[in-house]
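Listed here are the chains, written in short residue letters.
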Amino acid sequence: MQIHKITPDEESKLPIFGSHEEAKEFFTTQYGESFIHKQTMDLGGVAIYKYILIVDQEAYKSGQEKLARFEMMNGPEFMNSFQSIQITEDGEVEIGL
């Protein structure tokens, strides 16, 4: 399955979610293993779930390996290999560029 970054137009057409679990299920169904939970934060008593959508598996894997070895990265390949998705506990979604 070919995955691309979610555009602002696509973001505006997302369903309205009532909870983090609803949003998570939607993205997991749409993107499978390319949708990865990275961290959960508490911001003023509200849980914020941070995910990434991997759009270029090879570039992401290579970038992760370089980061683990503290190597310099050339060009924007790693940063363009994924997109950040933030979901609040009440289902609000914010998608990075």
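Look a little higher up for the structure.
Below or above, wherever it landed, is the structure these notes cover. (Residues numbered from 1 in each chain as written. Predicted model: local features only at pLDDT ≥ 70, side-chain atom pairs only at ≥ 80, totals over all residues. Heavy atoms only, no water.)

**A look at the environment of Asn-80**
Rules: Numbered from the N terminus, helices here are DSSP runs of H or I no shorter than four residues, and strands are runs of E no shorter than two. Contacts are assigned to residue pairs that have any heavy atoms within 4.5 Å of one another.
On the secondary structure map, Asn-80 appears in the loop between α3 (57–68) and β3 (82–88). The spacing of Asn-80 and Ile-48 is 32 residues in sequence and 23 Å in space, taken between C-alpha atoms. Apart from the residues lying within four places of it in its own chain, the contact partners of Asn-80 are Lys-5 and Val-55.

**Section: α3**
Condition: Expected helix span is taken as 1.5 Å per residue step, with the number of steps being one fewer than the number of residues. Partly exposed describes any residue whose relative accessible area lies between the buried limit of under 20% and the exposed limit of over 50%, with all areas from a 1.4 Å probe on protein chains only and scaled to the type maximum. What the arc covers is the set of directions going from the helix axis to the C-beta atoms.
Helix length check: α3, at twelve residues, gives a terminal C-alpha distance of 16 Å against a target of 16 Å (1.5 Å per residue), a fit within 8%. Residues of α3 that are buried: Ala-59, Tyr-60 and Gly-63. Buried residues along α3 cover an arc of 100° about the axis, so they all sit on one side. Facing away from the buried side of α3 by more than 90 degrees, the exposed set consists of Glu-58, Lys-61 and Ala-68.

**Observations concerning the pattern of salt bridges**
Between side chains of opposite charge, a pair can form as their charged atoms come close. Put simply, the rule reads: A carboxyl oxygen of Asp or Glu within 4 Å of a side-chain nitrogen of Lys or Arg is what we treat as a salt bridge.
For the structure shown, the criterion picks out two salt bridges. One salt bridge connects Asp-9 with Lys-13, and the closest N-O pair in it is separated by 3.1 Å.

**With respect to the sheet that holds β3**
As a reminder, the rule being used: When DSSP finds at least two bridges between two strands, those strands are taken to pair. A fitted line through C-alpha atoms represents every axis, and for helices the fit uses only the stretch in contact; the resulting angles, taken between N-to-C directions, go from 0 to 180 degrees.
Reading across from one edge, β1-β2-β3-β4 is the order of the four strands in this open sheet, with antiparallel pairing throughout. Every other strand in the sheet has two partners, leaving β1 (35–43) and β4 (93–95) as the edge strands with one partner each. Each strand axis lies, on average, 20° off the axis of its neighbour in the sheet, ignoring direction. Relative to β4, β3 runs antiparallel, the two sharing three bridges. When the bridges of β4 are listed, Gln-86 appears paired with Glu-94. Where α3 meets the sheet, it contacts β1, β2 (46–54) and β3, and its direction lies at approximately 115° from that of β2.

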